[in-house]
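Each chain is listed here by its residues.
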Amino acid sequence: MQDSIAFTLAQLAEQLNARLQGEGGRVIHGLAALQDAGPEQLSFLANRQYRKLLADSQAGAVLLTEADAADYAGNALIVADPYLAYARISHQFDPRPKSRPGIHPSAVIADSARIDASASIGAGVVVEAHAVIGANVTLGAQCFVGERCHIGADSWLAPRVTLYHDVRMGARCVIQSGAVIGGEGFGFANSGGRWNKIAQIGGVLIGDDVEIGANTTIDRGALSDTVISNGVKLDNQIQIAHNVHIGEHTAMAACVGISGSTHIGRHCMIAGGVGMVGHIEVCDNVFVSGMTMVTRSITEPGAYSSGTAMQTAGEWKKSAARFRQLDALAKRVQQLEKQLPAVTQPPQGSSES
């Protein structure tokens, strides 16, 4: 609990434009789940399956809808969407250390780099020639910013983020540790069984309000740029290949792999472990469930899945054995279909009543 962080319920209600039920003077020092919250913490109920925990919760106050607050006697902040309200208020209780303007003495800054006076440059950071660091940007310890990179205002890079040359990033971006942006795309031409490297001469263009998780990699373009549009959210350990284009406000969970030159639309949700082949298009408003392999373009909005659901090991072995028999079974069905006319048509010379 952060004792230095404190708000009254009345203050929080004003920030959220919420209806206050109970003690407006109750002081809140932090956030917690319903089953863990104490009298100085704010909690929320967003999933109906946790409603059973509400009556016994010791939370100082709870974010609730009107319907859930109707039979709750405790302190509450009543909102239309408790989870969204929790997301907004969480930033008030974030214990992340605040950055201070200035350049650490151990940072290595090229003479031609332009760094706003309000930026915070941590220990061991390297900023190469002609890079531009905007207002209120934070570069954590040991970040590397390559030549001609641009980082927009209010962006925050955790320690050990690597930006190769010619990465352009908009405002308010968040990049977690270990992310590598602008590495060479996987481009080779085969001649006589030997692979010949293709120079990757494009860059990476990242819009505003983009978040990129730990150890995620985004390759630079082969010719034109790889593009990550405004509001995209990428989880940890994702691979984005060269010349991929991701539309605005699309979100991807961990371990997704996107092959080269794939174009993904806006407001898509790609669940964990999804793979996509290259040179396909996915339209706007598509949801792809976990571990799906996308092998062709998706042209209609909606939900898509592949693979099989979990079974016991014994059931899965039986299903796998039957799967191997599908080809032979399909051929037998084709043969039976060819015989159907002879079976269903009456013999010549006969009459039907």
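Residues numbered from 1 in each chain as written. Predicted model: local features only at pLDDT ≥ 70, side-chain atom pairs only at ≥ 80, totals over all residues. Heavy atoms only, no water.

Colleague: Explain the pattern of salt bridges to me, please; I cannot follow it from the model alone.
Modeller: Pairing between side chains becomes possible if they bear opposite charge and their charged atoms approach one another. Inspection of every chain in the model, using the stated rule, returns 13 salt bridges. Here arginine 148 ties to glutamate 147 by a salt bridge, and the two come within 3.2 Å at their closest N and O atoms. Between arginine 148 and aspartate 166 there is a salt bridge, with its nearest N and O atoms 2.8 Å apart. Of this pair, arginine 148 sits in the loop between strand 15 (144-145) and strand 16 (150-151) while aspartate 166 sits in the loop between strand 18 (162-163) and strand 19 (167-169), and the two are 18 residues apart along the sequence. Since its relative accessible area comes to 38%, arginine 148 is described here as partly exposed. Judged by relative accessible area, aspartate 166 falls into the partly exposed class, the value being 25%. Each of Arg48, Arg51, Asp68 and Asp71 takes part in salt bridges that share partners, so that together they form one network. (Salt bridge = Lys/Arg side-chain N within 4 Å of Asp/Glu carboxyl O. Helix = DSSP H or I, 4+ residues; strand = E, 2+ residues; numbered from the N terminus. Buried < 20%, exposed > 50% of the residue type's maximum accessible area, 1.4 Å probe, protein only.)

Colleague: Is there a simple way to explain unusual backbone geometry in this structure?
Modeller: In this model, asparagine 17 sits at a positive phi of 55°, which is unusual for a non-glycine residue. On the secondary structure map, asparagine 17 appears in the loop between helix 1 (9-16) and strand 2 (19-21).

Colleague: Any chance you could explain the sheet that holds strand 30 (residues 245-246) here in plain terms?
Modeller: Where strands meet in a sheet, backbone hydrogen bonds hold them as pairs that are either parallel or antiparallel. The strand order across the open sheet formed by nine strands is 10-13-16-19-24-27-30-33-36, and the pairing between neighbours is parallel. Strand pairing shows two members of the sheet lacking a second neighbour, strand 10 (114-115) and strand 36 (281-282), which therefore form its edges. Bridge analysis of strand 10 against strand 13 (residues 132-133) gives two bridges, and the strand direction is parallel. Following the sheet pairing, arginine 114 is matched in strand 13 by valine 132. (Pairing = 2+ DSSP bridges.)

Colleague: In this structure, what is going on with the sheet that holds strand 31 (residues 251-252)? I would like to understand it.
Modeller: Read from one edge of the open sheet, 11 strands run 8-11-14-17-20-25-28-31-34-37-39, paired in parallel fashion. Only two strands of the sheet have a single neighbouring strand rather than two, namely strand 8 (102-103) and strand 39 (302-304).

Colleague: Could you clarify how one ought to interpret the packing of aromatic side chains in this entry?
Modeller: For any pair of aromatic rings, geometry is given as the distance between the ring centres together with the angle between the planes. Within this structure, the stated rule accounts for five aromatic pairs. An angle of 75° between the planes, with centres 5.5 Å apart, marks the rings of phenylalanine 7 and phenylalanine 93 as edge-to-face. Placement of the pair is phenylalanine 7 in strand 1 (residues 7-8) and phenylalanine 93 in the loop between helix 3 (82-90) and strand 8, with a sequence separation of 86 residues. Just as phenylalanine 7 is buried, phenylalanine 93 falls in that class too. Ring centres of phenylalanine 44 and tyrosine 86 lie 4.2 Å apart, and the angle between their planes is 15°; this geometry places the pair in the stacked category. Within this pair, whereas phenylalanine 44 is found in strand 5 (residues 41-44), its partner tyrosine 86 is found in helix 3, the two being separated by 42 residues in sequence. Three or more aromatic residues joined by ring pairs make a cluster, and in this case those are Phe44, Tyr83 and Tyr86. (Phe/Tyr/Trp six-rings, centres within 6.5 Å; stacked < 30°, edge-to-face > 60°.)

Colleague: When you look at a nonpolar patch on the surface in this model, what are you seeing that I'm missing?
Modeller: Together, Phe323, Leu326, Leu329 and Val333 make up an exposed nonpolar region whose accessible area comes to about 390 Å². Top contributing element to the nonpolar patch by residue count: helix 5 (residues 326-344), with three residues. In this structure, phenylalanine 323 sits in helix 4 (residues 313-324). (Patch = residues over 30% accessible without salt bridge, like charges linked within 9 Å, V, L, I, M, F, W, Y side chains within 5 Å. Areas by Shrake-Rupley, 256 points an atom, 1.4 Å probe, with all protein chains shown as cover.)

Colleague: Looking at this model, I keep getting lost on the side chain of threonine 292. Mind explaining?
Modeller: Residue placement: threonine 292 occurs in the loop between strand 37 (286-288) and strand 38 (293-294). Looking at threonine 292, its side chain comes within polar contact range of the main-chain nitrogen of serine 306, at 3.2 Å. Contacts of threonine 292, omitting those with residues within four sequence positions, involve Gly273, Val274, Gly275, Tyr304, Ser305 and Ser306. (Polar contact = N/O pair within 3.5 Å; in protein donor to acceptor, adjacent residues only side chain to side chain. Contact = heavy atoms within 4.5 Å.)

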